[in-house]
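Structural characterization, general
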Number of protein chains: 2
Amino acid sequence: MTKSALQIARAAYQPKLPKALKGAVKAVAGAATQSVADQEAIQKLFPNTYGMPLIKFEATDEVVTFPAMNVGVILSGGQAPGGHNVISGIFDGIKKLNKDSKLYGFILGPGGLVDHNYMELTADIIDEYRNTGGFDIIGSGRTKLEKEDQFEKGLEILKQLDIKALVIIGGDDSNTNACVLAEYYAAKKCGVQVIGCPKTIDGDLKNEMIETSFGFDTACKVYSEVIGNIQRDCNSARKYWHFIKLMGRSASHIALECALQVQPNVCIVSEEVEAKDMSLDDVVTYIAQVVANRAAQGNNFGTVLIPEGLIEFIPAMKRLIAELNDFLAANAEEFSQIKKSHQRDYIIRKLSPENAAIYASLPEGVARQLTLDRDPHGNVQVSLIETEKLLSEMVATKLAAWKEEGKFVGKFASQHHFFGYEGRCAAPSNYDADYCYSLGYTAASLIANGKTGYMSSVRNTTAPADEWIAGGVPITMMMNMERRHGEMKPVIQKALVKLDGAPFKAFAAQRDQWAITTDYVYPGPIQYFGPTEVCDQPTKTLQLEQAK
Amino acid sequence: MTKSALQIARAAYQPKLPKALKGAVKAVAGAATQSVADQEAIQKLFPNTYGMPLIKFEATDEVVTFPAMNVGVILSGGQAPGGHNVISGIFDGIKKLNKDSKLYGFILGPGGLVDHNYMELTADIIDEYRNTGGFDIIGSGRTKLEKEDQFEKGLEILKQLDIKALVIIGGDDSNTNACVLAEYYAAKKCGVQVIGCPKTIDGDLKNEMIETSFGFDTACKVYSEVIGNIQRDCNSARKYWHFIKLMGRSASHIALECALQVQPNVCIVSEEVEAKDMSLDDVVTYIAQVVANRAAQGNNFGTVLIPEGLIEFIPAMKRLIAELNDFLAANAEEFSQIKKSHQRDYIIRKLSPENAAIYASLPEGVARQLTLDRDPHGNVQVSLIETEKLLSEMVATKLAAWKEEGKFVGKFASQHHFFGYEGRCAAPSNYDADYCYSLGYTAASLIANGKTGYMSSVRNTTAPADEWIAGGVPITMMMNMERRHGEMKPVIQKALVKLDGAPFKAFAAQRDQWAITTDYVYPGPIQYFGPTEVCDQPTKTLQLEQAK
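Residues numbered from 1 in each chain as written. Chains lettered and ligands numbered in written order. Predicted model: local features only at pLDDT ≥ 70, side-chain atom pairs only at ≥ 80, totals over all residues. Heavy atoms only, no water.

Digging into the pattern of salt bridges
Residue and element names in this part refer to chain A. Taken as a whole and assessed by the stated rule, the structure comprises 62 salt bridges over all chains. When the shortest N-O distance is used, the salt bridge between Arg249 and Asp204 registers 3.4 Å. One end of the pair, Arg249, is in the loop between strand 8 (241–246) and helix 9 (253–262); the other, Asp204, is in the loop between strand 7 (193–198) and helix 8 (216–237), and 45 residues separate them in sequence. On the basis of relative accessible area, Arg249 is assigned to the partly exposed category, the value being 41%. Given the relative accessible area of 0%, Asp204 is considered buried. With a closest N to O distance of 3.6 Å, Glu386 and Lys389 form a salt bridge. For Glu386, a relative accessible area of 29% puts it in the partly exposed group. Take Lys389: its relative accessible area is 23%, and that puts it in the partly exposed class. (Salt bridge = Lys/Arg side-chain N within 4 Å of Asp/Glu carboxyl O. Helix = DSSP H or I, 4+ residues; strand = E, 2+ residues; numbered from the N terminus. Buried < 20%, exposed > 50% of the residue type's maximum accessible area, 1.4 Å probe, protein only.)

Rendered as structure tokens:
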């Protein structure tokens with residue numbers, strides 16, 4: 001592996017730990033917990049792991065000796081900066097408790113457990129990956145651990161390697177499955193504990209006890225760096241509107257955090273669009289109005305941030321897509337006979353009037369995408385829709401109409417960007433490096449204390465690391481029942497942007513100002529070695545949430 | 001202006017200067033110069049500014065007093081990191097020589113000179129922009145200064161503001177025009193000097209005396225940061241081929257520098273494609289073969305870097321585009337009558353057999369783009385072609401055919417990226433901050449010494465800044481005659497990638513290895529405060545060139 005100068009320098013960084021984890025640690029149990037909703041149903045599904053107390057780690061003078069223990073670790077789902085530090089935290093944590101403990105990594109995600117594909121993670125290997133981005137130490141994968149035969153296949157290899165505990169690093173679904181697995185092994189008294197770690201750049205795995213998911217900080221900082229650079233270009237060239245789509249699945253946390261960091265002219269927040277029952281035309285009109293207002297002041301440039309999941313939050317679009325899915329599924333044969341050039345008209349004739357009108361208003365490329373590119377279940381692939389182009393085309397059309405009416409006096413030219421892969425595997429910021437290492441170290445302590453069905457929790461992270469609070473949260477505490485593929489399932493509640501939350505309110509209070517003035521902020525690249533106000537700040541989202 | 005923490009911390013950075021510029025300075029003249037080619041023609045066009053000697057600045061003990069002088073500055077063309085530091089270098093330079101000197105900025109590029117649109121750049125304003133990216137201090141523009149009436153209009157405002165010298169910060173064309181202007185004012189004894197500064201992220205303005213254009217270093221580092229992050233993602237998820245197009249107009253310097261920094265699986269170099277007379281199919285076959293070779297080892301992922309200008313370097317594509325331009329110009333009326341769905345067949349019937357075959361081989365979207373989107377002169381807009389998608393679609397088609405033949409055993413899925421605006425206005429790296437500031441300071445010394453028609457030159461920049469060599473190069477020295485729009489014009493020779501140069505040779509020696517192994521390098525974000533090996537390295541291109 002050829003290393004860059006920064007990688008070499010950065011390998012020496014010693015991530016910070018909460019004070020309580022630095023020496024000998026004792027687990028202090030709090031009150032028993034309840035799930036956030038559907039208590040009865042959840043308790044019934046998790047008789048062995050429901051209602052457990054919150055755990056908080058405190059420093060102690062007692063010297064406790066732990067037996068050597070073998071631990072397994074799995075990276076599940078999409079990459080997020082800091083995954084390697086969770087693993088090095090687990091490694092250092094279990095080695096500190098007993099130098100004969102071993103760490104095994106399952107290769108390419110949960111599938112590695114089922115297929116018995118693993119490697120021992122020795123000190124040499126761990127040292128190569130400290131403070132680096134990516135999940136390449138063992139790879140990740142999207143296999144879902146949810147079936148008994150998978151659990152049993154996993155158990156075989158766990159027994160064979162004498163693994164007493166498994167750490168699953170993943171998002172809301174992976175942690176839900178971690179808990180199902182914990183319950184299964186507990187019920188069968190297999191002697192295998194399961195601990196989860198909150199990972200996702202999307203920022204949608206958070207609640208009272210989990211302040212943030214790791215990776216969100218770094219990814220947002222990378223996106224904000226490049227958006228800031230684009231804004232500076234935009235403000236220098238003064239001739240383009242940049243439409244910038246940001247990864248983040250359903251929730252708009254990433255777009256909102258980036259907006260707080262860079263102060264764009266427009267940022268669309270999907271959750272607000274849904275709450276206000278805005279139509280696609282409403283969104284387009286809002287953007288076009290900002291463009292027109294700026295043009296009236298001679299400023300024919302600007303930036304628009306768009307969350308990846310927007311389309312699915314526009315109620316009218318959701319209805320259109322639902323009808324299209326149903327219609328195309330029922331009429332696949334007939335539709336396939338229609339000539340390409342007649343398909344659009346055909347669809348318009350067949351849809352309900354409301355949906356036909358929306359479909360007819362879409363640019364040709366998008367309309368075609370909605371009927372042609374479908375997933376294996378026959379559904380429209382919403383994630384493939386280039387929302388940034390869709391919106392800029394529709395804004396252009398609207399502005400052209402306004403120009404005729406004398407309501408728009410400027411020029412409109414656009415550029416498009418989509419940022420996602422640029423940030424998921426960035427080397428972790430100091431915040432994520434410290435947070436992840438602490439999460440891993442905490443996971444080791446939860447294991448040593450015999451816990452299962454817990455998620456590693458590190459809180460108070462807007463304070464200096466010394467004051468961070470480490471502990472464990474029963475995963476069942478975060479669950480409710482939701483309908484998935486027609487069945488009620490226990491799942492960790494996904495955290496969407498709260499419109500009454502401090503981050504959104506801070507944004508909403510300033511956006512009209514940002515829209516008309518040019519008050520761009522240029523955050524610049526993540527710094528690792530400079531002054532603390534440059535290098536060690538958590539996200540604006542977290543700072544605002546914690547300032548409450 | 002709301003400032004980020006990094007901007008505030010970075011404002012305090014004092015750019016390094018060559019030792020010779022730190023105290024009192026004397027200009028030492030070298031031998032008389034010749035243009036690189038067409039000496040007689042160039043001399044005839046530039047009787048007053050041809051053949052001047054190279055200038056080198058040396059420290060002196062003599063104390064020389066300079067009268068106060070008013071200087072104007074213009075930012076011309078596309079943004080490049082460090083422009084603000086050139087301006088602060090000029091400002092500090094002229095103020096050091098005489099504190100009553102003044103600096104005026106012309107607004108939004110050369111047009112500001114012609115239209116008398118300007119502002120005085122006072123210390124307060126300059127201090128707001130030190131070490132920042134962008135050209136927003138006065139804006140830039142693309143008006144070409146090449147006509148006498150522009151020169152005369154400019155002279156009016158220069159006289160009015162008592163400006164004795166004008167610094168034009170721009171690329172090869174802008175510097176050519178700076179020299180034409182210098183010659184004009186010299187011939188007419190207007191008492192206005194003109195000095196050029198070498199700017200462009202594209203890296204194509206360089207020669208024996210100009211080691212590099214400013215901004216190339218920072219832009220390449222930003223692109224390499226995000227490409228590195230994508231490579232880490234690619235190597236973690238192990239399921240996508242990322243096709244990454246990079247800005248840089250004609251030359252492939254940016255793609256090559258990024259390749260040297262990140263070690264991708266494939267990097268196409270346009271100059272090599274042209275030299276080897278490769279067809280589009282040759283390029284596609286080369287990439288597909290790398291994909292197939294990696295797939296045979298179970299690695300269905302990788303990265304491909306593509307220079308923006310590629311299409312125009314493929315001789316066969318150039319011929320196709322030329323025929324299309326001629327054909328569509330001659331048959332615009334008839335073509336506009338053809339139904340969209342029949343246009344492709346129509347074109348294929350009308351083109352020469354060779355070009356028809358190439359046209360028929362193109363994916364539908366690209367074929368349509370070649371006939372629909374044309375510039376005001378009726379020409380195909382090559383820069384709009386999404387080469388990254390074109391290549392990945394054609395690679396997919398080829399691999400599908402190879403799969404049938406049993407020559408390809410893997411999977412192929414792709415993602416696309418285009419990086420350009422992300423890097424042009426990044427805050428300058430230490431290298432660019434120092435280099436730009438030194439270029440500006442040198443320009444001030446050239447002005448103080450009465451020079452005109454010179455480009456500011458700072459060399460030996462792979463050594464510590466103390467040892468950098470500052471001076472001036474007669475712009476005519478870099479010129480030759482080239483045909484532009486049917487006319488022979490004096491222009492600065494554009495520096496394309498030299499296939500016998502050290503950077504390309506270093507790349508060529510390693511690329512087969514990079515293609516098959518996964519030896520990605522992750523450069524990470526530009527650092528400003530860390531160890532010197534992380535913060536102060538020039539580009540690999542320059543290091544290799546200077547190591548000769």
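After presenting the structure, the write-up continues.
Topic: the relation of the copies chain B and chain A
Between chain B and chain A, the superposition needs a rotation of 180° and an axial shift of 0.0 Å, giving an RMSD of 0.0 Å. Such values leave the two copies arranged in the relation of a two-fold axis. An overlap of 100% is found between the interface residues of chain B and their copies at the interface of chain A, pointing to a shared contact surface. (Least-squares fit on C-alpha atoms with pLDDT ≥ 70 in both. Contact = heavy atoms within 4.5 Å.)

Quick look at the side chain of Lys245 of chain A
All names here are of chain A. Assignment of secondary structure puts Lys245 in strand 8. A relative accessible area of 4% places Lys245 in the buried class. Leaving out residues up to four positions away in the same chain, Lys245 has contacts with Ile306, Glu308, Ser383, Ile385, Glu386, Thr387, Glu388, His417, Phe418 and Phe419.

Points about the sheet that holds strand 9 (residues 266–267) of chain A
Residues and elements named next belong to chain A. In spatial order, the strands read 9-10-8-11; together these 4 strands make up an open sheet with parallel pairing. Looking at the sheet topology across the chains shown, the edges are occupied by strand 9 and strand 11 (414–419). Of the strands in this sheet, strand 8, strand 10 (302–307) and strand 11 touch helix 8, which is tilted by about 170° from strand 8. Along the sheet, helix 9 contacts strand 8, strand 9 and strand 10; its crossing angle with strand 10, the most-contacted strand, is approximately 155°. (Pairing = 2+ DSSP bridges. Axes fitted to C-alpha atoms, helices over the stretch in contact; angles between N-to-C directions.)

Some words on the pairing of strand 6 (residues 163–170) of chain A
Residues and elements named next belong to chain A. Of all 8 residues that make up strand 6, 7 are buried, and the element is covered over most of its length. Direction of pairing for strand 6 relative to strand 7: parallel, over a ladder of 6 bridges. Paired with Ile168 across the two strands is Gly196, which belongs to strand 7. With helix 7 (residues 172–187) bridging strand 6 and the parallel strand 7, this β-α-β connection has right-handed handedness. (Right-handed = clockwise from strand over helix to strand, strands pointing away.)

Digging into empty space enclosed by the protein
In the structure shown here, the tally under the stated rule is 7 cavities of 30 Å³ or more. Looking at the largest cavity, its volume works out to about 180 Å³. Lining of the largest cavity is provided by 22 residues; of these, Ala426, Ala427 and Tyr528 of chain A together with Tyr522 and Gly524 of chain B occupy positions nearest its centre. Contributing elements (two or more residues each) for the lining of the largest cavity: helix 1 (5–11) of chain A together with helix 8 (216–237) of chain B. For the lining of the largest cavity, the leading source of residues is helix 1 of chain A, giving 4 residues. (1 Å grid on protein atoms, 1.4 Å probe; cavity = no way out; pocket = protein on both sides within 12 Å on 5 of 7 lines; lining within 4 Å. Points joined across faces, edges and corners; volume = space filled by probe spheres on them.)

Side note on the pairing of strand 4 (residues 102–106) of chain B
Residues and elements named next belong to chain B. The buried fraction of strand 4 amounts to 4 of the 5 residues, a majority that puts the element mostly inside the structure. Here 4 bridges tie strand 3 (residues 70–75) to strand 4, and the two strands are oriented parallel to one another. Bridge pairing in strand 4 places Val73 opposite Gly105. Since strand 3 and strand 4 lie parallel, the crossover through helix 3 (residues 83–97) that links them has a hand, and here it is right-handed. The pairing of strand 4 with strand 5 (residues 118–120) spans 3 bridges and is classified as antiparallel. Counterpart to Tyr104 in the pairing with strand 5 is Glu120.

Section: the interface of chain B and chain A
Between chain B and chain A, the contact holds 63 residues from the first and 63 residues from the second. Both faces considered, chain B and chain A share a buried interface measuring about 4500 Å² in area, 52% of it formed by carbon and sulfur atoms. At the boundary of chain B with chain A, the tally comes to 6 salt bridges. Our count for the chain B to chain A interface comes out at 26 residue pairs in polar contact (both at pLDDT 80 or more). Contributing elements (two or more residues each) for the side of chain B that touches chain A: helix 1 (5–11), helix 8, strand 11 (414–419), helix 19 (421–424) and helix 22 (532–535) of chain B. The leading source of residues in the side of chain B that touches chain A is helix 8 of chain B, at 10 residues. Per-class residue counts for the side of chain B that touches chain A are 27 nonpolar, 20 polar and 16 charged. (Buried area = accessible area lost by both parts, 1.4 Å probe. Polar contact = N/O pair within 3.5 Å; in protein donor to acceptor, adjacent residues only side chain to side chain. Nonpolar A, V, L, I, M, F, W, Y, C, P; charged D, E, K, R; others polar.)

Considerations on the environment of Gly530 of chain A
Mapped onto the elements of the fold, Gly530 of chain A is located in the loop between helix 21 (502–516) and helix 22 (532–535). A residue is classified by how much of its surface remains accessible, and Gly530 of chain A, at 23% relative accessible area, is partly exposed. Not counting residues up to four positions away in its chain, the partners in contact with Gly530 of chain A are Cys535 of chain A together with Phe529 of chain B.

What about the packing of aromatic side chains?
Across all of its chains, the model carries 30 aromatic pairs over all chains by this definition. Each ring, one from Phe507 of chain A and one from Trp514 of chain A, has its centre 6.1 Å from the other, and the planes form 55°; the classification is tilted. Judged by relative accessible area, Trp514 of chain A falls into the buried class, the value being 3%. Arranged with centres 6.0 Å apart and planes meeting at 55°, the rings of Tyr431 of chain B and Trp468 of chain B form a pair that is tilted. Remark: Trp468 of chain B occurs in the loop between strand 12 (454–459) and strand 13 (469–474) and Tyr431 of chain B occurs in helix 20 (residues 430–448); sequence separation between them is 37 residues. Given a relative accessible area of 5%, Tyr431 of chain B falls into the buried group. Judged by its relative accessible area of 6%, Trp468 of chain B falls in the buried class. Above the plane of the ring of Phe418 of chain A lies Lys245 of chain A, whose end atom (NZ or CZ) is 4.7 Å from the centre. (Phe/Tyr/Trp six-rings, centres within 6.5 Å; stacked < 30°, edge-to-face > 60°. Lys NZ or Arg CZ within 6 Å of the ring centre and 35° of its normal.)

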